[in-house]
Amino acid sequence: SALVSLNPGFGAVLPFRPGLAVIDCGRWEGDEAVYSLVSAADLVLVMLRPTIAGVEQARNLLAELDGLAQRVELVCIGDRPYHPHEVARALGLPRVLSLADDPRSAAVVRSGAALDRWFRRSPLIHSTRQLLDDIVKITSKKQVSA
């Protein structure tokens, strides 16, 4: 509902903002309210579980986003039962990014509890840093080639 109230003005100003903006659009259902945000984004990340059902759902979503989003990257949550490389091969993609499946750390984030030293060394934080590095590399390649 927040995205609906921000549109269409919010999507119109996104291309002119400096820096990185991250918007969680939730589950994609082809909602008109999200179209302008997706089409204005430099990069759309699609999160999926690396299961047969998750891969097929991602395949359908990629087809739906084709021509709407400038660039789409998939992010596997965990690497079981299939590794991100296997998911990339199954979808014919050059790569699939990954994020640790770390329920304990995710629960800490959801709870709003203080983040201690253990949390900063957790698999979720480590993989989030790697994912952000990957995103920076991907988006800077676009800016250099443009």
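Computed from a predicted model, the values in this text were never measured in an experiment.

Visitor: Is there a simple way to think about the pairing of strand 2 (residues 72-77) in this case?
Guide: If a strand is regular, its side chains alternate between the two faces of the sheet. Most of strand 2 is tucked away, with five of its six residues classed as buried. Bridging between strand 1 (residues 44-48) and strand 2 involves five bridges; their strand directions are parallel. Looking across to strand 2, one finds that Val-46 is bridged to Leu-74. Regarding the hand of the β-α-β motif, the stretch spanning strand 1, helix 4 (residues 52-65) and strand 2 is right-handed. Summarising the sheet, strand 2 and strand 3 (residues 97-99) pair through three bridges and their orientation is parallel. Among the inter-strand pairings, Cys-76 is bridged to a residue of strand 3, identified as Ser-98.

Visitor: What exactly am I supposed to notice about helix 4 here?
Guide: An α-helical segment advances 3.6 residues per turn. Residues three or four places apart therefore align on the same side. Compared with the 20 Å implied by 1.5 Å per residue over 14 residues, the 20 Å span of helix 4 between its first and last C-alpha is a close match. Within helix 4, burial applies to Gly-54, Val-55, Ala-58, Leu-61, Leu-62 and Leu-65. Viewed end-on, helix 4 has its buried residues packed into an arc of 125°, placing them on one side of the element. In helix 4, the exposed positions angled more than 90 degrees off the buried face are occupied by Ile-52, Ala-53, Gln-57, Asn-60 and Ala-63. Buried residues belonging to helix 4 abut helix 3 (32-40), strand 1, strand 2 and helix 5 (84-91). Just downstream of helix 4, Gly-67 is the residue with a positive phi angle, here 90°.

About the thresholds
Residues numbered from 1 in each chain as written. Predicted model: local features only at pLDDT ≥ 70, side-chain atom pairs only at ≥ 80, totals over all residues. Heavy atoms only, no water. Buried < 20%, exposed > 50% of the residue type's maximum accessible area, 1.4 Å probe, protein only. Helix = DSSP H or I, 4+ residues; strand = E, 2+ residues; numbered from the N terminus. Pairing = 2+ DSSP bridges. Right-handed = clockwise from strand over helix to strand, strands pointing away. Expected span 1.5 Å × (residues − 1). Arc of directions from axis to C-beta. Contact = heavy atoms within 4.5 Å.

Function-wise, these values are silent; they only describe arrangement.
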